[in-house]
Amino acid sequence: MAGDKYPSMSRREIEGLVADGRMVFILDQYVIKADAWAPYHPGGDKAIRHMIGRDATDEVTALHSAEARERMNRYRIGKVEGRWTNFIPPIQGGKFRPLSEAGEDVFDNGPDSSATASSSVSTTASSDAGSRPPSPVFDRDSDVDASLRKRPAPAGIALDREKYPQIDNATQDNIVSKYRALHQRIKDEGLYQCNYWAYAVEIFRYSLLASASFVLLRWGWYFASAVCLGAFWHQLVFSAHDAGHMGITHDFHTDSALGIIIADFLGGLSLGWWKQNHNVHHVVTNSPEHDPDIEHMPFMAVSHRLLQSLRSTYYDRIMEYDAVAKVAIKVQHYSYYIRCLLVVSICTGYRGPTSSWARVPQGPAWWHRYLEIAGQAFFWTWFGYGIMYKAIPTNWDRFVFFMVCHVVPMPVHAQICLSHFAMSTSDMGPQESFPQKMLRTTMDIDCPPWLDFFHGGLQFQVIHHLYPRIPRHNLRRTQKLVQEFCNEVGIPYALYGFVDGNKMVVGTLAEVSRQAAILAKCQQVIAASSDPLHGHGHES
């Protein structure tokens, strides 16, 4: 259907479609109904659900190839005129009215908004409704008068508003316009073209580590062999990450196959599970309710909002602030690196396969599942049977080998946490642009070029979140362009040294721990008082 043949759809019509359960979003001014495609989406349906009712042009462009974008055109059902004002998606608590229900256009559909529509509702008001986290002390009680909930914006949001550009149409449109112009400049300068010679060097490094591990294992030097195997996995993760983002060949099936070979066959980690998890992380970065990459309860909390027993929309469960969490969070800033070593490095390493296979892929990617099953069988044959059972003679040596080879890759998890844990977790509302959100929630790590092999591109997470499909060996060249963009639009570019970045992460964990202690004290005072609002007891 030609562009001028698509019907023009009103905001009220689109709201009605969403109310009827349709997965509708805006792409290049066209209305896309993704219901038929959602079961086939390799990144899972959750990423799509976070785009419902929104202009998803920048998110789709960042995460998809030109071929995938072209295929989306077949799901067009209409077009919109003028600037689109984002709804809050249903998965994030947005309210939508059926088309049969009378009413004008709604510009604030947050969970606390009234049913009365008003075209005069400001962007700032919409941001307030969608971003204000309830008080962890008072707001969990349903009998508290609603007027008491209308408090000024929390300190975190207030600081973000001072630090970052305003969430108004003109400012955000200017940021988006310059972001898209930068994208075109990056393409024109060839920064999307992969440097395959750089991967030849990577393969040489992988081969050295794998060979050293094998030789040392044959010699009976199990500890040294485990160190080399762990270093091998540490380096492999970076290429699996590249392939998962189509950052090598830019072909979906080719990069998926490469990623599965690297992750499943050689590392025992399900690429399919990781992609579904990671795609959601990229569209709702650092949102305590929605981003699985910062949902580590009950072991860790990077935001005071996690002290409220929030419901995770990704895991579809309550992240309980229970007795275990209260103990763990109290000391989280002291035990952070130990948890990276033990909890993250080992426990998350093998949770991928079953959770990924439970979501059976359909459509063109149907065979990925079976390749992953073959990959897991291959991995546990060479590692579980060949090394752990046959090559190592005693149970103690097996235990040491297993622990060492899984602890050595720990820097990967520390590097991933470093990029986000110290950054903003505020919700600035649905009108914040994609590039501003990525810059607000992500930091880069400053390191010399000779250390790039150790960080594997994770030191350029700001650039990666803005343009995820850029090959990692081009990220350093892209950094200068992004810094120019940030200076032009007035968005702070977070760049810290490795030590300073770690200090910020630990400081953030310490601050949340301090807030947890204050919360516990307040709850004790309230429990001992007959006045739940003011916490003052009355003498008899």
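Since we're looking at a predicted model, the values are computed, not measured.

Rules behind the numbers
Residues numbered from 1 in each chain as written. Predicted model: local features only at pLDDT ≥ 70, side-chain atom pairs only at ≥ 80, totals over all residues. Heavy atoms only, no water. Helix = DSSP H or I, 4+ residues; strand = E, 2+ residues; numbered from the N terminus. Buried < 20%, exposed > 50% of the residue type's maximum accessible area, 1.4 Å probe, protein only. Contact = heavy atoms within 4.5 Å. Areas by Shrake-Rupley, 256 points an atom, 1.4 Å probe, with all protein chains shown as cover. Core = buried A, V, L, I, M, F, W, Y, C linked by side-chain atoms within 4.5 Å. Pairing = 2+ DSSP bridges. pLDDT = per-residue confidence, 0-100. Axes fitted to C-alpha atoms, helices over the stretch in contact; angles between N-to-C directions. Parallel < 35°, antiparallel > 145°, perpendicular 65-115°, else oblique. Left-handed = near helix turned anticlockwise from the far one by under 90°. Expected span 1.5 Å × (residues − 1). Arc of directions from axis to C-beta. Polar contact = N/O pair within 3.5 Å; in protein donor to acceptor, adjacent residues only side chain to side chain. Phe/Tyr/Trp six-rings, centres within 6.5 Å; stacked < 30°, edge-to-face > 60°. Lys NZ or Arg CZ within 6 Å of the ring centre and 35° of its normal. Nonpolar A, V, L, I, M, F, W, Y, C, P; charged D, E, K, R; others polar.

## Describing the overall build of the chain
Here is step 1: For the chain, the count of helices and strands is 22 helices and seven strands.
Here is step 2: When the 540 residues of the chain are sorted by exposure, 51% land in the buried category.
Here is step 3: Long-range contacts, defined here as pairs at least 24 residues apart, represent 69% of the contacts in the chain between residues at least 6 apart.
Here is step 4: With the model as given, the accessible surface of the chain reaches about 24400 Å², and the carbon-plus-sulfur share is 60%.

## Some words on the nonpolar core
Here is step 1: Ranked by size, the top nonpolar core spans 42 residues in total, and within it Tyr467 and Val482 carry the most contacts.
Here is step 2: Broken down by secondary-structure element, the contributors of at least two residues to this core are helix 7 (169–188), helix 13 (332–347), helix 17 (410–420), helix 18 (434–441), helix 20 (461–466), helix 21 (475–489) and helix 22 (498–527).
Here is step 3: Other than its neighbours up to four places away in sequence, Val482 contacts Leu182, Val462, Ile463, Leu466, Tyr467 and Tyr493.
Here is step 4: Membership of the second largest hydrophobic core comes to 28 residues, among which are Phe25, Leu27, Ile32 and Val284.

## What about the pairing of strand 1 (residues 24–27)?
Here is step 1: Burial along strand 1 is two-sided: Val24 and Ile26 and Phe25 and Leu27, pointing in opposite directions, are all buried.
Here is step 2: Between strand 1 and strand 2 (residues 30–33), which pair antiparallel and follow one another directly, the connecting turn spans two residues, one of which, Asp28, has a positive phi of 55°.

## Quick word on the confidence of the model for the chain
In low-pLDDT regions, the fine details of the predicted coordinates are not to be read closely.
Here is step 1: Of all residues in the chain, 84% have pLDDT values of 70 or greater, and the mean over the chain is 84.
Here is step 2: Within the chain, helix 5 (residues 123–131) has the poorest average pLDDT of any element, 36, and helix 7 the best, 96.
Here is step 3: Taken together, the stretch residues 115–153 has pLDDT below 50 and engages in 70 contacts with residues farther than four places along the chain or on a different chain.
Here is step 4: When the criterion is pLDDT under 50, residues 351–358 qualifies, and its contacts beyond four places in sequence or with other chains add up to 16 contacts.

## Here's the deal with the packing of helix 7 against helix 21
Two quantities define a packed helix pair, namely the angle between the helix axes and the distance between the axes.
Here is step 1: Where helix 7 meets helix 21, the axes come as close as 11 Å, and the angle between the chain directions of the two elements is 160°. Regarding the angle of helix 7 to helix 21, the classification is roughly antiparallel. The two elements helix 7 and helix 21 cross, and the hand of that crossing is right-handed. Residues Asn174, Ile175, Lys178, Tyr179, Leu182, Arg185 and Ile186 of helix 7 form the contact with helix 21, whose participating residues are Thr478, Leu481, Val482, Glu484, Phe485, Glu488 and Val489.

## Considerations on helix 7
Here is step 1: In this model helix 7 runs 28 Å from its N-terminal to its C-terminal C-alpha over 20 residues, within 8% of the 28 Å that 1.5 Å per residue would give.
Here is step 2: Along helix 7, the positions that sit buried rather than exposed are Gln172, Ile175, Val176, Tyr179, Leu182, His183 and Ile186. What you see down the axis of helix 7 is that its buried residues fit within an arc of 125°, all on one side. Residues Ala170 and Asp188 are exposed on helix 7 and point more than 90 degrees away from its buried face.
Here is step 3: Buried-residue contacts for helix 7 involve helix 3 (57–63), helix 18, helix 20 and helix 21.
Here is step 4: The residue sitting at the N-terminus of helix 7 and contributing the capping side-chain oxygen is Asp168; that oxygen lies 3.2 Å from the backbone nitrogen of Ala170.
Here is step 5: The positive-phi residue at the C-terminal boundary of helix 7 is Gly190, with phi of around 75°.

## Overview of helix 21
Note: α-helices contain 3.6 residues per turn, so residues at a spacing of three or four share the same orientation.
Here is step 1: An ideal rise of 1.5 Å per residue puts 21 Å on 15 residues; helix 21 measures up with 20 Å between its terminal C-alpha atoms.
Here is step 2: For helix 21, every residue scored as buried is listed here: Leu475, Thr478, Gln479, Leu481, Val482, Phe485, Cys486 and Val489.
Here is step 3: On its buried face, helix 21 sits against helix 7, helix 18, strand 6 (444–446), helix 20 and strand 7 (495–497).
Here is step 4: Gly490 occupies a position one or two residues after helix 21 and carries a positive phi of about 80°.

## Observations concerning the pairing of strand 2
Here is step 1: Sheet topology places strand 1 next to strand 2; four bridges connect them, and they run antiparallel. Bridging across to strand 2, Leu27 finds its partner in Tyr30.
Here is step 2: The pairing of strand 2 with strand 3 (residues 76–79) spans three bridges and is classified as antiparallel. From the neighbouring strand, Ile32 faces strand 3, where its bridge partner is Arg76.

## What about the sheet that holds strand 2?
Here is step 1: Strand order in the open sheet formed by three strands is 1-2-3, and the pairing between neighbours is antiparallel. Each edge of the open sheet is held by one strand with a lone partner, namely strand 1 and strand 3. Shown here is a sheet whose adjacent strand axes are inclined to one another by a mean of 35°, direction ignored.
Here is step 2: Its contacts with the sheet put helix 1 (residues 11–19) on strand 1, strand 2 and strand 3, and the angle it makes with strand 1 is roughly 135°.

## Quick look at the packing of aromatic side chains
Here is step 1: Applying the stated criterion across every chain yields a total of 21 aromatic pairs.
Here is step 2: Taken together, a centroid distance of 5.6 Å and an interplanar angle of 45° make the contact between Phe265 and Phe378 tilted. Of this pair, Phe265 sits in helix 10 (residues 252–267) while Phe378 sits in helix 15 (residues 366–391), placing them 113 residues apart in sequence.
Here is step 3: Given a relative accessible area of 42%, Phe378 falls into the partly exposed group.
Here is step 4: Cluster of aromatic residues (ring-pair linked, three or more members): Trp233, Phe379, Trp380, Trp382, Phe383 and Phe402.
Here is step 5: Geometry around Tyr314 places Lys46 over its ring, the cationic atom sitting 5.3 Å from the centre.

## Thoughts on the packing of helix 9 (residues 222–244) against helix 11 (residues 271–283)
Here is step 1: Two elements in contact, helix 9 and helix 11, have axes separated by 11 Å at closest approach and are oriented at 65°. Classified by chirality, the crossing of helix 11 by helix 9 is right-handed. Here Ala240, His241 and Gly244 of helix 9 come into contact with helix 11, specifically with Leu271, Trp274, Lys275 and His278.
Here is step 2: When its residues are assigned to classes, the contact of helix 9 with helix 11 shows three nonpolar, three polar and one charged.

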